[in-house]
Amino acid sequence: MEFDLHMALVILAAAAATFATRIGGYILITRMKSIPPRMEAALNAVPAAVLTTLVAPAFFIGGWESKLALIVALFIGLRFTHTWMLVAAWIVVMTWRHTIGA
Amino acid sequence: MNRADFVEGLRGGSAVALASAPFGALFGALAVENGMSLSEAAFMSATVYAGASQMVGIELFGHNVHAWLIVLSILAVNFRHVLYSAALARYIGHFTPVQKFFTFFLLVDPQFAEAVKRGESGRQLTFAWYLGFGIIIYIPWVLISIAGGMLGGFIGDPKAVGLDILLPAYFLGIVLGFRKRDNFLPVALVSAVASVLAYRYVGSPWHVSLGAAVGILLAAVLPLPPQEADLEADAIQSEVHEV
């Protein structure tokens, strides 16, 4: 259960970097008097654009069971809550891996 | 401090806490597997507090990568938070500086999604609600990282128990919550293609920043919608409720 000083410093630097990203946009935007419409359109696109980049490569590199699971989750998500998406994706992956094999 | 708002925040955040618990446990388990001590893993969860980048961090720790490269990779994975804090600015002007400090410290993906949703619904985004929503995710996240580190040996291969699919499925759910926004489909498609190409040819974690940049640029150059942008408020309201 040792606490390595070097490791702790790297973690602290990572934490500082993360906090900088979490306050940086606010500082930038409040320096500007008003938000131009195109910038507003860009800001509105931020969540979808960013979160998509966390899904698409996972779909791309995942095995067929992962691809199928994400497609099923997508359709579930159009009608039901996120929890059901997770449950459906998990069931597809587990069923595939324990019947067809990974 | 509005007590009702705080409790409402706690209630909303608890669904996220529950959904993120497996990832907290997974982080703890993988961190210990990659040579971190329990206290270091807990320290990382408590200070960095950003799931995906914590995962990236421990993966790099395991490969004896230079410290600056680890920090840079975490910066790249979390670069999206620059845009979150920019987008959140219009709703938190009334917070005190200390409140803003905690607001930004706790600004994880679902926190952002729910805070914007609440701001756009027309109700004031109160710090009481935000703090309630945030700490009910933060505290379990740190505790469950520790539990995961202790139980790590029992999890074994995350793939064998299907844990690997939960993170992308979880992010997919959040993406879908924004599907009624202007230009959602072109933005999502372009970001998807760009991120896969970047993943393939530039490498992780740059696919996050590069893919997102392409989608956001596209939104900036597409024709602007007619001025009744408030349609969007009810669009987002319908989703992003659980998780």
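Remember, predicted model here, so these are calculated numbers, not experimental data.

Scoring rules and cut-offs
- Residues numbered from 1 in each chain as written.
- Chains lettered and ligands numbered in written order.
- Predicted model: local features only at pLDDT ≥ 70, side-chain atom pairs only at ≥ 80, totals over all residues.
- Heavy atoms only, no water.
- Domains from an automatic or database assignment.
- Contact = heavy atoms within 4.5 Å.
- Buried area = accessible area lost by both parts, 1.4 Å probe.
- Salt bridge = Lys/Arg side-chain N within 4 Å of Asp/Glu carboxyl O.
- UniProt positions renumbered as here; feature names shortened; annotations may be inferred.
- Helix = DSSP H or I, 4+ residues; strand = E, 2+ residues; numbered from the N terminus.
- Phe/Tyr/Trp six-rings, centres within 6.5 Å; stacked < 30°, edge-to-face > 60°.
- Buried < 20%, exposed > 50% of the residue type's maximum accessible area, 1.4 Å probe, protein only.
- Expected span 1.5 Å × (residues − 1).
- Axes fitted to C-alpha atoms, helices over the stretch in contact; angles between N-to-C directions.
- Parallel < 35°, antiparallel > 145°, perpendicular 65-115°, else oblique.
- Left-handed = near helix turned anticlockwise from the far one by under 90°.
- Nonpolar A, V, L, I, M, F, W, Y, C, P; charged D, E, K, R; others polar.

### Considering the domain arrangement of chain B
Next up, step 1: Each assigned domain of chain B is listed with its residue range as follows: domain 1 (3–179) and domain 2 (181–242).
Next up, step 2: Here domain 1 of chain B and domain 2 of chain B have C-alpha centroids that lie 21 Å from each other.

### Considerations on the interface of chain A and chain B
Next up, step 1: In this assembly, 65 residues from chain A lie in contact with 84 residues from chain B.
Next up, step 2: In terms of surface lost to chain B, no three residues of chain A exceed Arg 22, Tyr 26 and His 82 of chain A, which account for 12% of the buried area on that side.
Next up, step 3: There are one salt bridge connecting chain A and chain B.
Next up, step 4: We note a salt bridge from Arg 90 of chain B to Glu 40 of chain A, for which the minimum N-O separation is 3.3 Å.

### Observations regarding the UniProt feature "transmembrane region" (unreviewed entry) in chain B
Next up, step 1: As annotated in UniProt, the feature "transmembrane region" (unreviewed entry) corresponds to residues 66–83, 127–155, 161–178 and 185–202 of chain B in the numbering used here.
Next up, step 2: The annotated region residues 185–202 of chain B carries 94% helix and 0% strand content, and the separation between its end C-alpha atoms amounts to 25 Å.

### Here's the deal with the packing of aromatic side chains
Next up, step 1: A complete count under the given rule lists nine aromatic pairs over all chains for this structure.
Next up, step 2: Measuring from centroid to centroid gives 5.1 Å for Tyr 26 of chain A and Phe 104 of chain B, while their planes differ by 50 degrees, and the two rings are tilted. Here Tyr 26 of chain A is found in helix H1 (residues 5–31), whereas its partner Phe 104 of chain B is found in helix H6 (residues 97–105) on a different chain.
Next up, step 3: What makes Tyr 26 of chain A buried here is its relative accessible area of 11%.
Next up, step 4: For Phe 104 of chain B, a relative accessible area of 1% corresponds to the buried category.
Next up, step 5: When the ring of Phe 105 of chain B is compared with that of Tyr 138 of chain B, the centres are 5.7 Å apart and the planes differ by 65 degrees; the resulting orientation is edge-to-face. Highlighted residues: Phe 105 of chain B in helix H6 and Tyr 138 of chain B in helix H8 (residues 127–155), separated in sequence by 33 residues.

### Remarks on helix H4 (residues 82–99) of chain A
The periodicity of an α-helix, 3.6 residues per turn, causes residues three or four positions apart to be oriented the same way.
Next up, step 1: Under the 1.5 Å per step criterion, the end-to-end length of H4 of chain A is 26 Å for 18 residues, consistent within 8% with the ideal 26 Å.
Next up, step 2: For H4 of chain A, every residue scored as buried is listed here: His 82, Met 85, Leu 86, Ala 88, Ala 89, Val 92, Val 93, Met 94 and Arg 97 of chain A.
Next up, step 3: Packed against the buried residues of H4 of chain A are helix H3 (64–79) of chain A together with helix H1 (3–33) and helix H9 (166–176) of chain B.

### Here we look at the UniProt feature "transmembrane region" (unreviewed entry) in chain A
Next up, step 1: Here, the residues flagged by UniProt with the feature "transmembrane region" (unreviewed entry) are residues 6–29, 41–62 and 68–93 of chain A.
Next up, step 2: Span residues 41–62 of chain A is 95% helix and 0% strand, its end C-alpha atoms 32 Å apart.

### A word on the packing of H1 of chain B against H9 of chain B
Between two packed helices, the angle of one axis relative to the other and the distance separating the axes together describe the packing.
All names here are of chain B.
Next up, step 1: Across the interface, H1 lies against H9 with an axial gap of 10 Å and an inter-helix angle of 150 degrees. When the axis of H1 is compared with that of H9, the two are roughly antiparallel. Here the hand of the crossing between H1 and H9 comes out left-handed. Contacts between H1 and H9 involve Val 16, Pro 22 and Phe 23 from the first element and Leu 166, Leu 167 and Tyr 170 from the second.
Next up, step 2: Partitioned by chemical class, the residues of the contact of H1 with H9 number six nonpolar, no polar and no charged.

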